[in-house]
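Chain by chain, the residues:
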Amino acid sequence: AKFLFADLSGVDFTGANLTAAVLRGARLDGAAFGEANLTLVRAAGVRLAGASLTGAQLTGADLTLADLDGADFAGADTQDIRVDGATGNHTLGLQ
């Protein structure tokens, strides 16, 4: 799936399989990704402000230059995630 620079703010992706999806530059403020599979997702420059990624599978995801302000990664698998240059305050569960 490709969602380049799409405005998907507030969309509910709970439990969705988005393996290797391309979300570059997408606006996903307040979106719900609980228990979603985002393995190898390419989302450089994405806006995830206030998004819920609780329990999501993010192994190998590319979130470089992302806006993660207030995003909730509690319980998410963030092994090998790339967040170089990402910004955000009050981000939960992301080391």
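Refer to the structure above for everything that follows.
The sections below set out a description of the structure shown in this document. On a predicted model such as this, the values are computed, not experimentally measured, just so you know.

1. Here we look at the overall build of the chain
- Secondary structure assignment for the chain yields 0 helices and 0 strands.
- Against the 2.2 N^0.38 benchmark of 12 Å for 95 residues, the chain shows a C-alpha radius of gyration of 11 Å, consistent with a compact globule.
- Taken along its principal axes, the extent of the C-alpha atoms in the chain is 25 × 25 × 20 Å.
- The buried share among the 95 residues of the chain stands at 37%.
- Of all intrachain contacts in the chain linking residues separated by at least 6 positions in sequence, the fraction that spans at least 24 positions is 1%.
- Each charge sign in the chain was given a centre, from 6 positive and 11 negative side chains, and these centres are 11 Å apart.

2. Points about the pattern of salt bridges
- For the structure shown, the criterion picks out 5 salt bridges.
- One salt bridge in this structure joins Arg47 and Asp67, with 3.7 Å as the shortest N-O distance.
- Here Arg82 ties to Asp62 by a salt bridge, and the two come within 3.8 Å at their closest N and O atoms.
- Among the charged side chains, a network of salt bridges with common partners joins Arg27, Asp29, Arg47 and Asp67.

3. Overview of the environment of Ala16
- Look at Ala16 and you get partly exposed, because its relative accessible area is 22%.
- Spatially, the C-alpha atoms of Ala16 and Glu35 are 7.7 Å apart, while their sequence positions differ by 19 residues.
- The residues touching Ala16, leaving out its near neighbours within four places in the chain, are Ala36 and Asn37.

4. Side note on the packing of aromatic side chains
- As enumerated under the stated definition, the model contains 1 aromatic pair in all.
- Judged by centre distance (4.9 Å) and plane angle (5°), the rings of Phe13 and Phe33 are stacked. Grouping residues by exposure puts Phe13 and Phe33 together as buried.

5. Brief notes about the environment of Leu53
- A residue is classified by how much of its surface remains accessible, and Leu53, at 2% relative accessible area, is buried.
- In the structure, Leu53 is positioned 31 residues away from Asp84 in sequence and 18 Å away in space, judged by C-alpha atoms.
- Excluding anything up to four places from it in sequence, Leu53 contacts Phe33, Leu38, Leu58, Ala71, Asp72, Phe73, Ala74 and Ala76.

6. Some thoughts on the side chain of Asp29
- For Asp29, a relative accessible area of 15% translates into the label buried.
- With sequence-adjacent residues up to four places away left out, Asp29 is seen in contact with Ser9, Gly10, Arg47, Leu48 and Ala49.

What counts and how
Residue indices begin from 1 for each chain and proceed along its sequence in written order. The model is predicted, so local features are restricted to residues of pLDDT at least 70 and side-chain atom pairs to those at 80 or more, both for listing and for counting; the totals for chains, interfaces and linings are taken over all residues. No hydrogens and no water enter the side-chain calculation; it runs on all heavy atoms of the structure. Only DSSP runs of H or I covering at least 4 residues are called helices, and only runs of E covering at least 2 are called strands; the numbering of each starts at the N terminus. Here the globule rule is a power law, 2.2 Å times the number of residues to the power 0.38, and the radius of gyration is based on C-alpha atoms. A 1.4 Å probe rolled over the protein chains alone gives each residue an accessible area, and that area as a share of the maximum for its type sets the label: buried under 20%, exposed over 50%, partly exposed in between. Whether two residues are in contact is decided by their heavy atoms, any of which lying within 4.5 Å being enough. Charge assignment: positive for Lys and Arg, negative for Asp and Glu; neither His nor the chain ends contribute. In this description, the location of a charge corresponds to atom NZ of lysine, CZ of arginine, CG of aspartate or CD of glutamate. Salt bridge, as used here, is a side-chain nitrogen of Lys or Arg placed within 4 Å of a carboxyl oxygen of Asp or Glu. Pairs were defined over the aromatic rings of Phe, Tyr and Trp, the Trp ring being its six-membered one, requiring ring centres within 6.5 Å. Orientation was assigned from the angle between planes: stacked under 30 degrees, edge-to-face over 60, tilted for the rest.

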